[in-house]
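Fold and contact review
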Amino acid sequence: MVKRHHPYQSPFAALLTADRFTFATQLATHYRMDTSQVLFAYLQITANVAAAGQAATPTQQREIDRWFQQFLNDAQTTI
């Protein structure tokens, strides 16, 4: 049996598309935050992890997702 490795698919990939506001609004509603907080946090984390002006590598994207999920979890526990 041959194992096939699929490229990493971020659970937050929609934040990198034209549908980012809709997805951010869904996240904000779920985590009881403002949409702007979600968008700004994702942008800030991405800027801190990925090289400026370049798309994140799969390793960097995993790190971005880990940090962002931690941000969302922390925001939810402070309510």
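Residues numbered from 1 in each chain as written. Predicted model: local features only at pLDDT ≥ 70, side-chain atom pairs only at ≥ 80, totals over all residues. Heavy atoms only, no water.

Of regular secondary structure, the protein possesses 3 helices and 0 strands. Counting from the amino terminus, the protein carries its helices and strands in the arrangement α-α-α. C-alpha extents for the protein along the principal axes are approximately 45 × 35 × 25 Å. Taken across its 79 residues, the protein has 28% of its residues classed as buried. Looking at the protein alone, contacts between residues at least 24 apart form 51% of all its contacts between residues at least 6 apart. Roughly 5,900 Å² of accessible area belongs to the protein as shown, and the carbon and sulfur atoms make up 56% of that amount. Taken as two groups, the 6 positive and 5 negative side-chain charges of the protein have centres that lie 12 Å from each other. (Helix = DSSP H or I, 4+ residues; strand = E, 2+ residues; numbered from the N terminus. Buried < 20%, exposed > 50% of the residue type's maximum accessible area, 1.4 Å probe, protein only. Contact = heavy atoms within 4.5 Å. Areas by Shrake-Rupley, 256 points an atom, 1.4 Å probe, with all protein chains shown as cover. Lys, Arg positive; Asp, Glu negative; His and termini not counted. Charge placed at Lys NZ, Arg CZ, Asp CG, Glu CD.)

Let us look at the pattern of salt bridges. The final tally for this structure, using the stated rule, is 1 salt bridge. We note a salt bridge from Arg66 to Glu63, for which the minimum N-O separation is 2.7 Å. Here Arg66 pairs with Glu63, and both are found in helix α3 (residues 58–77), just 3 residues apart, close to one helical turn. (Salt bridge = Lys/Arg side-chain N within 4 Å of Asp/Glu carboxyl O.)

The next subject is the confidence of the model for the protein. For the protein, per-residue confidence averages 90 on the pLDDT scale, and 94% of positions sit at 70 or higher. The least confident element of the protein, judged by mean pLDDT, is α3 at 93; the most confident is helix α1 (residues 20–31) at 96. (pLDDT = per-residue confidence, 0-100.)

This part takes up the nonpolar core. In terms of nonpolar packing, the biggest core is built from 18 residues, with Phe12, Leu15, Leu27, Val38, Phe68 and Leu72 touching the most fellow members. Of all the elements in the fold, those that place two or more residues in this core are α1, α2 (35–49) and α3. The contact partners of Leu72, leaving out residues within four places of it in the chain, are Phe12, Leu27, Tyr31 and Met33. (Core = buried A, V, L, I, M, F, W, Y, C linked by side-chain atoms within 4.5 Å.)

In this section: α2. Helical geometry: 3.6 residues make up each α-helical turn, so side chains three or four residues apart lie on a common side. Helix length check: α2 (15 residues) gives 22 Å between terminal C-alpha atoms against 21 Å at 1.5 Å per residue, within 8%. Along α2, the residues that are buried comprise Thr35, Val38, Ala41, Tyr42, Ile45 and Val49. Within α2, the buried residues cover an arc of 135° as seen down the axis, which keeps them to one side. Residues of α2 that are exposed and point more than 90 degrees away from the buried face comprise Phe40, Leu43, Ala47 and Asn48. If you follow the buried residues of α2, they end up packed against α1 and α3. (Expected span 1.5 Å × (residues − 1). Arc of directions from axis to C-beta.)

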